[in-house]
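Coordinate analysis (summary)
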Amino acid sequence: MITTKLQKAINDQITAELWSSQLYLQMAYFLKSKGWDGFSHWMQLQALEEREHATRMADYMTDRGGIVRFQMIDVVPEGWGSVLEIFEHAYSHECKVSKMIDNIVKLSQEENDYATENFYRTFVDEQVEEEATASGIVDKLKKAGDSGIFFLDSELGKRKD
Ligand code: MG
């Protein structure tokens, strides 16, 4: 059984993951409207990945006897000045998510819930990857000139999962 305090933290995290999914989906369609089909495809898959994080957490909560409560998802931003700005936003958002995950790990330790600690440690690792990927794309976009950005668009369009 999972404590009420942790159930609340996990439900909040599920909401944050779904909000992330919505944000990336909005970015995907913004990029598509600007003709960046490759970046848009990448963001579509990113949105799916966030949804998958939410369902993994919901499954875990259910397995532990907790109650999943889907909450209202806040509106997401819908306009950006450039492709670089979008990926910078994605990177800073992932940094915020990492801090939230760290807080759940800390709370699990305080609540002596080692199963939840273990479960969320997999997301600690996941966040290292998420931050590195987003900041890697930001770096490349900064180096890319006008023709480089077309190359990157087609590279990111090859993302499989
Ligand atoms: Mg996530």
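So, a few notes on the structure that sits alongside this text. (Residues numbered from 1 in each chain as written. Predicted model: local features only at pLDDT ≥ 70, side-chain atom pairs only at ≥ 80, totals over all residues. Heavy atoms only, no water.)

Taken as a whole and assessed by the stated rule, the structure comprises eight salt bridges. Glu88 is the partner of Lys142 in a salt bridge, and the nearest nitrogen-oxygen pair spans 3.9 Å. Of this pair, Lys142 sits in helix α4 (residues 114–143) while Glu88 sits in helix α3 (residues 83–110); the two residues are 54 residues apart in sequence, bridging distant segments of the chain. Residue Glu117 pairs with Arg121 through a salt bridge whose shortest N-O separation is 2.8 Å. One end of the pair, Glu117, and the other, Arg121, are both in helix α4, four residues apart, so they sit about a helical turn from each other. Judged by relative accessible area, which is 38%, Arg121 ranks as partly exposed. (Salt bridge = Lys/Arg side-chain N within 4 Å of Asp/Glu carboxyl O. Helix = DSSP H or I, 4+ residues; strand = E, 2+ residues; numbered from the N terminus. Buried < 20%, exposed > 50% of the residue type's maximum accessible area, 1.4 Å probe, protein only.)

Tetrahedral coordination by four donors puts the ideal angle at the metal at 109.5 degrees, and octahedral coordination by six puts it at 90 or 180 degrees. In the first shell of the magnesium ion, the protein supplies Glu17 (OE), Glu50 (OE) and His53 (ND1), at 2.1 to 2.2 Å from the metal. The sequence pattern formed by the donor residues of the magnesium ion is E-x32-E-x2-H. A residue pair is termed long-range when its members are at least 10 positions apart, and Glu17 in helix α1 (residues 4–33) and His53 in helix α2 (residues 37–63) qualify at 36 residues. With a relative accessible area of 1%, His53 lands in the buried category. (Donors = N, O, S within 2.8 Å, 3.2 Å for Na, K, Ca; no water.)

A few words now on the environment of Gln127. In this fold, Gln127 is placed in helix α4. For the pair Gln127 and Cys95, spaced 32 residues apart in the sequence, the C-alpha separation amounts to 8.0 Å. The residues touching Gln127, leaving out its near neighbours within four places in the chain, are Glu94, Val97, Ser98 and Ile101. A distance of 3.2 Å separates the side chain of Gln127 from the side chain of Ser98, its partner in a polar contact. (Contact = heavy atoms within 4.5 Å. Polar contact = N/O pair within 3.5 Å; in protein donor to acceptor, adjacent residues only side chain to side chain.)

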